[in-house]
Protein chains: 2
Amino acid sequence: MEEMNFESLMSLVEKGDFTLLRNELSEMNEVDIAEFLGELDRDVMIRVYRILPKDISAEVFSYLESEDQGDIIALISDTEINKLVDDLFLDDVVDLVEEVPANLVTRILRNASPETRKLINTYLNYPEDSAGSIMTNEMVELHDRLTVQEAIDHIRRTGIDKETIYTCYCIDNSRHLKGTIDLSDLVFNDKDALLREIMDDDKQLIYVNTQDDQEHVAEVVKHYDLLAVPVVDNENRLVGIVTIDDILDIIEEETEEDFEKMAALLPSEDEYLKTPVLVLVKNRIGWLLVLMISATLTGSIIQNFEDMLAVITGLTAAIPIITGTGGNAGNQSSTLAIRALALGEIELKDWLKVLFKEIRVALICGAILGAANFARMLILHNPGGMEVYITVSAAMFIAVIIAKMIGCMLPLLAKLLKIDPAVIAGPVISTLVDSLSLLAYFGLAKAFLI
Amino acid sequence: MEEMNFESLMSLVEKGDFTLLRNELSEMNEVDIAEFLGELDRDVMIRVYRILPKDISAEVFSYLESEDQGDIIALISDTEINKLVDDLFLDDVVDLVEEVPANLVTRILRNASPETRKLINTYLNYPEDSAGSIMTNEMVELHDRLTVQEAIDHIRRTGIDKETIYTCYCIDNSRHLKGTIDLSDLVFNDKDALLREIMDDDKQLIYVNTQDDQEHVAEVVKHYDLLAVPVVDNENRLVGIVTIDDILDIIEEETEEDFEKMAALLPSEDEYLKTPVLVLVKNRIGWLLVLMISATLTGSIIQNFEDMLAVITGLTAAIPIITGTGGNAGNQSSTLAIRALALGEIELKDWLKVLFKEIRVALICGAILGAANFARMLILHNPGGMEVYITVSAAMFIAVIIAKMIGCMLPLLAKLLKIDPAVIAGPVISTLVDSLSLLAYFGLAKAFLI
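Every residue gets a number counted from 1 within its own chain, in the order that chain's sequence is written. By the order in which they are written, chains take letters starting at A while ligands take numbers starting at 1. Side-chain atom pairs in this predicted model are given and counted only at pLDDT of 80 or more, local residue features only at pLDDT of at least 70, and totals for whole chains, interfaces and linings cover all residues. Side-chain figures throughout are based on the complete set of non-hydrogen atoms in the structure, without hydrogens or water.

## Observations concerning the overall build of chain A
Only DSSP runs of H or I covering at least 4 residues are called helices, and only runs of E covering at least 2 are called strands; the numbering of each starts at the N terminus. If you tally the helices and strands in chain A, you get 23 helices and six strands. Using C-alpha atoms as the atom set, the radius of gyration is obtained and then compared with a globule rule of 2.2 Å times the number of residues to the power 0.38. Taken against the 2.2 N^0.38 rule, which gives 22 Å for 450 residues, the C-alpha radius of gyration of chain A at 30 Å runs more than 25% over that of a compact globule. Each of the three principal axes of chain A carries a C-alpha extent, and together these read 90 × 60 × 40 Å. In this scheme, a residue with accessible area under 20% of its type's maximum is buried, one over 50% is exposed, and one in between is partly exposed, where area comes from a 1.4 Å probe on protein chains only. A burial count over chain A gives 55% of its 450 residues as buried. Computed over 36 positive and 76 negative side-chain charges, the separation of the two mean positions in chain A equals 4 Å. Charge assignment: positive for Lys and Arg, negative for Asp and Glu; neither His nor the chain ends contribute. For this purpose, a charge sits on NZ of Lys, CZ of Arg, CG of Asp or CD of Glu.

This is the structure we're talking about:
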């Protein structure tokens, strides 16, 4: 498929031929229209938005960046806002209310129906990143005493605006979730059958609670290959669904957070180029300061051995090679441990298996690296002679073992202490590995060379 | 929702009550049954697998780990294999053939229908990780001259086994993809309407080519919020679809690869605990060796200044603090640049914007870190006195600027050279940043302190 090419559309905008533009746009996918609008200047964007066919404008709106959404809300009439809020899915309205400035929030709420307003307020009260805060209420609910024909008629009457009609949710008089039924099962079943008889009512009906964390919701959808998962309240009443397109966004968001934490950054949801310099500084300086100060430990170890380093040639030059190799080796182990934890491949109770595995890997890697280092120093005629070569190689061997043990155990320890394993990755482990490796190195040097 | 509890099932296995076990299992979700089978010993697992109701056993099989799948294939009869291959979705059969040992592949192919065998071979010939290699052929194809009623009848006759029937694909006599139609549009439309008239045939019909990389396929599905995307061959004929559950797996796989590459690991698809020690060593030792050898550069810079370091107290102790801070600062920038590239937030043409932004961030971060370092040395009464404190702080300021410039530019350079930006992250950048920072540091020291 080709990249979208907006040039011909742009030339229509410049020519002011909005009739032809409208025709062209109404042939396009809503996602692409939103992308095109995003490239226009504010005033032109709003003019073009207004000429969109009424049946697609809400969907296009939902794909716009929140900035552009705010611009549109600020400039359209109350009647238009009322129509828009009505046409949008509830989860998109909630996202909108969370993103736009306060004065626009007031306008949106004022122009929503009392029912929608109440729902928006309920959603806003769920904990951040909970199932309740990300769900939508646009699902098909069917009473479990309906027949197939009655269900199809009901969907035909009410289903058009739902976020998905492929999975319908069966409830009883008290709105308790009793089972699910796929649209295909309705289409292909005897029209007189009762939903209660043909619905999927596994002992293990799959659902999440409004209070569950969005990461858990994503896990469930992924684990069971679902297109949507029902959300129930504490009384087990159906209150919403979360669909797979939102799950994709959540997975992406959570992954980015892990990348950022592992690089000693505060997580941010903003796009890189749109983030102001001072916000970037704020996200970075905290960890940089903490790690710089904690590196004092490494510095003071060197300081204690400065006399020895000054006397024995060749020792100082090896410092960054030993700590660098230790840092890389530890980083490998911590990354694998953090990801295996995140994906559920390992659990706390596996700690001994993980440790034993890493020690064996470390012994082999350490031996190879130590030998390679010895060869390197020999070939380059490094200063210091054989004793120094052997000391440095042995220190490297020990550094790799220390690094891999710390690298695999700290994420598990973090998990045990209910800290996010990703935040103590890379840089934090380096500081610890650096100090311990240097202590081993200088200890060996003192024993063998003085 | 509760974690699955297999204890009661286990006790049924131990008691040998397979009748009750079968009843319990037939009430459960297929994903959970597969998980339960995975916890059993091989022989018991196969016994339990065999008592599963016939209508769910293929689906349960598709959720098993490939090892367990191989064990089952090895022990069931040819007739059972024939039935299984017939019941599985084609993409699951292809995955199976790719994973099991060669003798089992022969058995599978021998017991597949000639038609399936031909399809399997075609799929195996698509490039690895291409749309062709991950697609399935189980989609609903409808001729665009059918009426709605004819289409529904056709789906009713042939659709039950399809991977999805919610989006159907309209083709002409030559199997060219002409449009798509949702099941809901069929259910709710006039029964005499022609598909050709009501199908979705946007100018921008969304599809991918068999040769497209799976990452591109994932992008398209994510970008357009699709549940499945059609795959066409070079003549634009419909040959398959890729569904969103496979897209989720691809996104996960690609993300893990990025994590691994950024930690100087060779990417691996195996679960951590199941990967043999020697494979773990193989995935790690290559980069460790390369980085250790390249750290020689840093070592030789120190070696050149060893006389100076031996004379001026306090200089050596600051080495790991300067290089560590530079490494962390560079790592932040490279991670952000790599992820922004991966997510399409920045492109090559943005390089000047990125560089300018990072330089401004670096000036502020560097100034703060330099000042903090000066205070740190002052408070701790570090050896060397004011001149050394100022030199070290100035070197730290410069190191941060060097690190952030290199950190943001190298991923873009890699992209320009068509190298994966993730592989030159963290460790590679550290080596370069270490060397340049130390050169700056020793240069300053030479100028001010000697």
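## Remarks on the relation of the copies chain A and chain B
Least squares is the method used to superpose the copies, on C-alpha atoms of residues holding a pLDDT of at least 70 in both. Note on the identical chains: chain A maps onto chain B by a rotation of 180° and an axial translation of 0.1 Å, with an RMSD of 0.1 Å. Interpreted geometrically, this transformation is the action of a two-fold axis. Among all C-alpha atoms of chain A, that of Ala 310 of chain A lies closest to the rotation axis, at 2.2 Å.

## Thoughts on the confidence of the model for chain A
Per-residue confidence from the predictor is reported as pLDDT, a score between 0 and 100. Here chain A averages 88 in pLDDT, and 98% of its residues register 70 or above. Interface predicted TM-score (ipTM) for the complex: 0.80; the corresponding pTM is 0.81.

## Let's talk about the sheet that holds strand 2 (residues 164–171) of chain B
All names here are of chain B. Strands were regarded as paired on the criterion that DSSP finds at least two bridges between them. If you trace the three strands from one edge of the open sheet to the other, you get 1-2-3, paired in mixed fashion. Each of the sheet's edge strands pairs with one partner strand only, and the pair in question is strand 1 (139–143) and strand 3 (177–182). Taking the axes of each pair of neighbouring strands and ignoring which way they run, one obtains an average angle of 35° across the sheet. In this sheet, strand 2 lies alongside strand 1 in parallel orientation, the contact comprising four bridges. Bridging from a neighbouring strand, Glu 141 pairs with Tyr 169 of strand 2. Every axis in this analysis is a line fitted to C-alpha atoms, fitted for helices over the stretch in contact. Angles between the N-to-C directions lie between 0 and 180 degrees.

## Focus on a nonpolar patch on the surface
Residue and element names in this part refer to chain A. Only residues whose relative accessible area exceeds 30% and that take part in no salt bridge are eligible for patches, with like-charged residues grouped when within 9 Å of each other and nonpolar side chains (Val, Leu, Ile, Met, Phe, Trp, Tyr) grouped when within 5 Å. Surface accessibility in these figures is a Shrake-Rupley result with a 1.4 Å probe; residues are shielded only by whichever protein chains are displayed. Between Lys or Arg on one side and Asp or Glu on the other, a salt bridge is scored when a side-chain nitrogen of the former is within 4 Å of a carboxyl oxygen of the latter. Taken together, Leu 348, Leu 413, Leu 416, Leu 417 and Ile 419 make up a surface patch of nonpolar side chains, about 440 Å² in accessible area. On the secondary structure map, Leu 348 appears in the loop between helix 20 (315–342) and helix 21 (351–379). For Leu 348, a relative accessible area of 30% gives the class partly exposed.

## So, helix 22 (residues 385–416) of chain A
Expected helix span is computed as 1.5 Å times (number of residues minus one). In this model helix 22 of chain A runs 46 Å from its N-terminal to its C-terminal C-alpha over 32 residues, within 8% of the 46 Å that 1.5 Å per residue would give. Backbone geometry just downstream of helix 22 of chain A places Lys 418 of chain A in the positive-phi region, at approximately 60°.

## A look at the pattern of salt bridges
All names here are of chain A. For the structure on display, the rule yields 38 salt bridges over all chains. Note that Arg 237 and Asp 233 form a salt bridge whose closest N and O atoms lie 3.1 Å from each other. A network of salt bridges, in which partner residues are shared, links Asp 78, Arg 107 and Arg 110.

## Brief notes about unusual backbone geometry
Excluding glycine, most residues fall at negative phi; most peptide bonds, likewise, are trans. The backbone of Asp 225 of chain A shows a phi angle near 50°, a positive value even though the residue is not glycine. Accessibility expressed as a relative area gives 31% for Asp 225 of chain A, which makes it partly exposed. Here the phi dihedral of Asp 129 of chain B falls at roughly 65°; this positive angle occurs in a residue that is not glycine. Note that Asp 129 of chain B resides in the loop between helix 10 (114–125) and helix 11 (131–134). For Asp 129 of chain B, a relative accessible area of 25% gives the class partly exposed.

## Points about the interface of chain A and chain B
Should any heavy atoms of two residues lie within 4.5 Å, those residues are considered in contact. Facing 113 residues of chain A, the contacting portion of chain B comprises 113 residues. Across the chain A-chain B interface, the total number found is six salt bridges. Measuring nitrogen to oxygen at the nearest pair gives 2.6 Å for the salt bridge that ties Arg 339 of chain A to Glu 256 of chain B. Counting of polar contacts relies on pairs of N or O atoms within 3.5 Å, with two restrictions inside protein: one atom must be capable of donating a hydrogen and the other of accepting it, and residues adjacent in sequence are counted only when both atoms are side-chain atoms. If you look at where chain A meets chain B, you find 33 residue pairs in polar contact (both at pLDDT 80 or more). Counting residues per element, the side of chain A that touches chain B draws most heavily on helix 20 of chain A, at 15 residues.

## Details of the side chain of Arg 339 of chain A
Secondary-structure assignment places Arg 339 of chain A in helix 20. The class of Arg 339 of chain A is buried, set by a relative accessible area of 8%. A distance of 2.6 Å separates a polar atom in the side chain of Arg 339 of chain A from a polar atom in the side chain of Glu 256 of chain B. In contact with Arg 339 of chain A, not counting residues within four places along its chain, are Asp 258 of chain A together with Glu 256 and Phe 259 of chain B.

## A closer look at the packing of aromatic side chains
Geometry of aromatic contacts follows a simple scheme: Phe, Tyr and Trp rings, the Trp one being its six-membered ring, pair when their centres are within 6.5 Å, and the pair is stacked under 30 degrees between planes, edge-to-face over 60, tilted otherwise. According to the stated counting rule, one finds 14 aromatic pairs over all chains in the structure shown. Judged by centre distance (4.0 Å) and plane angle (20°), the ring pair of Tyr 166 of chain A and Tyr 166 of chain B falls under stacked. In this pair, Tyr 166 of chain A sits in strand 2 (residues 164–171) while Tyr 166 of chain B sits in strand 2, so the two residues belong to two different chains. Each member of the pair, Tyr 166 of chain A as well as Tyr 166 of chain B, carries the same accessibility label: buried. Ring plane angle 5° and centroid distance 3.9 Å describe the contact between Phe 259 of chain A and Phe 259 of chain B, whose orientation is recorded as stacked. Taken together, the residues span two chains, with Phe 259 of chain A in helix 16 (residues 244–262) and Phe 259 of chain B in helix 16 (residues 244–262). This pair shows no difference in class: Phe 259 of chain A is buried, exactly as Phe 259 of chain B is. Each member of the aromatic cluster is reached from another via a ring pair, and the members are Phe 305, Tyr 441 and Phe 442 of chain A.

## Re the pairing of strand 6 (residues 238–243) of chain B
Residue and element names in this part refer to chain B. Most of strand 6 sits out of view: five of its six residues are buried. The pairing of strand 5 (residues 228–232) with strand 6 spans five bridges and is classified as antiparallel. Directly across from Val 231, in strand 6, lies its bridge partner Gly 240. Between strand 5 and the antiparallel strand that follows it, strand 6, lie five residues; Asn 236 among them carries a positive phi value of about 70°.

## Brief notes about the environment of Ile 120 of chain A
Residues and elements named next belong to chain A. Residue position: Ile 120 is located in helix 10 (residues 114–125). Judged by relative accessible area, which is 0%, Ile 120 ranks as buried. The spacing of Ile 120 and Asp 95 is 25 residues in sequence and 9.8 Å in space, taken between C-alpha atoms. The contacts of Ile 120, once residues within four sequence positions are left out, are Leu 90, Val 93, Val 97 and Leu 109.

## Section: the environment of Tyr 123 of chain A
Residue and element names in this part refer to chain A. You can see Tyr 123 is positioned in helix 10. Tyr 123 sits in the buried class, given a relative accessible area of 2%. C-alpha of Tyr 123 to C-alpha of Asp 91: the two residues are 32 residues apart in sequence and 8.6 Å apart in space. Side-chain polar atoms of Tyr 123 contact the backbone nitrogen of Asn 137, separated by 3.3 Å.

## Some thoughts on the sheet that holds strand 3 (residues 177–182) of chain A
Residue and element names in this part refer to chain A. The mixed open sheet is built from three strands, whose spatial order is 1-2-3. At either end of the open sheet lies a strand with only one pairing partner, and these are strand 1 (139–143) and strand 3. Shown here is a sheet whose adjacent strand axes are inclined to one another by a mean of 35°, direction ignored. As paired strands, strand 2 and strand 3 are joined by five bridges and run antiparallel to one another. Looking across to strand 3, one finds that Tyr 169 is bridged to Thr 180. Packing of helix 12 (residues 148–158) onto the sheet brings it into contact with strand 1 and strand 2, and relative to strand 1 it is tilted by some 145°.

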